[in-house]
Amino acid sequence: MARGNTRQRIQDVALELFAEQGYEKTSLREIAEALDVTKAALYYHFKTKEDILISLFQDLTRPMDELIEWAQTQPHTLETKKEILRRYSQALLGAAPLFRFMQENQATLRDLSIGETFKDRMLAMVELIKEPEAALSDQVRCFSALFTMHAGMFLLKDVEGDPEDKRMAVLEVATDLVSQAHGVKG
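Quick summary incoming for the structure in this document. Values in this document were obtained by computation on a predicted structure and should not be read as measured data.

1. A word on the overall build of the chain
Part 1 of the reasoning: Counting its regular elements, the chain contains 10 helices and 0 strands.
Part 2 of the reasoning: Seen through its principal axes, the chain has C-alpha atoms that stretch 60 × 35 × 30 Å.
Part 3 of the reasoning: Relative to its full complement of 186 residues, the chain shows a buried share of 42%.
Part 4 of the reasoning: Approximately 10200 Å² of the chain is accessible, and the part contributed by carbon and sulfur atoms is 53%.
Part 5 of the reasoning: Side chains of the chain give 23 positive and 30 negative charges; the mean places of these two sets differ by 2 Å.

2. So, the pattern of salt bridges
Part 1 of the reasoning: Tallied over the entire structure, the rule returns 11 salt bridges.
Part 2 of the reasoning: Between Arg 62 and Asp 59 there is a salt bridge; the shortest N-O distance is 3.5 Å. Placement of both Arg 62 and Asp 59 in helix H4 (residues 49-71) is noted, with a separation of 3 residues, approximately one turn of the helix.
Part 3 of the reasoning: Look at the salt bridges and you will find they share partners, linking Arg 7, Asp 59 and Arg 62 into a network.

3. Some words on the nonpolar core
Part 1 of the reasoning: Counting 52 residues, the largest nonpolar core has Ile 31, Tyr 88, Phe 99 and Phe 101 as its most contacted members.
Part 2 of the reasoning: Secondary structure elements with two or more residues in this core: helix H1 (6-21), helix H2 (28-35), H4, helix H5 (78-94), helix H6 (96-104), helix H8 (113-129), helix H9 (136-155) and helix H10 (163-181).
Part 3 of the reasoning: Dropping the residues within four chain positions of it, Ile 31 is found in contact with Ile 10, Val 13, Ala 14, Leu 17, Phe 18, Thr 26, Leu 42 and Ile 52.

4. Examining the packing of aromatic side chains
Part 1 of the reasoning: Considering all chains together, one arrives at 2 aromatic pairs under this definition.
Part 2 of the reasoning: Ring centres 6.2 Å apart and planes at 85° place the aromatic pair Phe 57 and Phe 118 in the edge-to-face group. Highlighted residues: Phe 57 in helix H4 and Phe 118 in helix H8, separated in sequence by 61 residues. Note on accessibility: Phe 57 and Phe 118 belong to one class, buried.
Part 3 of the reasoning: The ring of Tyr 23 carries the charged tip of Lys 49 above its face, separated from the ring centre by 4.5 Å.
Part 4 of the reasoning: Above the face of the Trp 70 ring, Arg 87 is positioned so that its terminal group lies 3.8 Å from the ring centre.

5. Some thoughts on unusual backbone geometry
Part 1 of the reasoning: Positive phi values are uncommon outside glycine, yet Asp 36 reaches one of about 60°.
Part 2 of the reasoning: Within the secondary structure layout, Asp 36 lies in the loop between H2 and helix H3 (39-45).

6. A short note on the environment of Thr 73
Part 1 of the reasoning: Here Thr 73 is to be found in the loop between H4 and H5.
Part 2 of the reasoning: For Thr 73, a relative accessible area of 59% gives the class exposed.
Part 3 of the reasoning: A C-alpha to C-alpha distance of 40 Å links Thr 73 and Glu 24, two positions 49 residues apart in sequence.
Part 4 of the reasoning: Only 2.6 Å separates the side chain of Thr 73 from the backbone oxygen of Trp 70, close enough to count as a polar contact.

Here is what the cut-offs are and how they apply
Residues numbered from 1 in each chain as written. Predicted model: local features only at pLDDT ≥ 70, side-chain atom pairs only at ≥ 80, totals over all residues. Heavy atoms only, no water. Helix = DSSP H or I, 4+ residues; strand = E, 2+ residues; numbered from the N terminus. Buried < 20%, exposed > 50% of the residue type's maximum accessible area, 1.4 Å probe, protein only. Areas by Shrake-Rupley, 256 points an atom, 1.4 Å probe, with all protein chains shown as cover. Lys, Arg positive; Asp, Glu negative; His and termini not counted. Charge placed at Lys NZ, Arg CZ, Asp CG, Glu CD. Salt bridge = Lys/Arg side-chain N within 4 Å of Asp/Glu carboxyl O. Core = buried A, V, L, I, M, F, W, Y, C linked by side-chain atoms within 4.5 Å. Contact = heavy atoms within 4.5 Å. Phe/Tyr/Trp six-rings, centres within 6.5 Å; stacked < 30°, edge-to-face > 60°. Lys NZ or Arg CZ within 6 Å of the ring centre and 35° of its normal. Polar contact = N/O pair within 3.5 Å; in protein donor to acceptor, adjacent residues only side chain to side chain.

In structure tokens form, the structure reads like this:
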């Protein structure tokens, strides 16, 4: 990730440690040591581990929030929904380390405020890509399209091949699912 300012460096190192060791097993002292700063210097920016995680979540998911805001002003057409998926695919790239953390720390997320925020964001995304009165199977296709995009980040990371090719393959499957949910074959 290698972002520049001190706040971002703290976030990056903390996220790396959270993903490697687990959120619960990582202390502020360990984060400070990994950064080669004092705990007091760390406290200047963040008082708790949860403060670091919340700030990370806000920063790395901002493109997703902007996408939801944009999509809510667009016509509710299949083309708009395909564009939502394309943009979401790009937004997931920037938030990949956060999603790795989320995958490795699911129990912790349930106990933190950001878990509910993420759930709300996902429900908003589903509402944007499904039809209001969609059949249950079509609603499942729309949910599955989003989860395909998330799962693809993890399942394909160790598969040989170009990362962009893998991202595009996942996007193609997600788009097919949403198209099918709208009565259009792939």
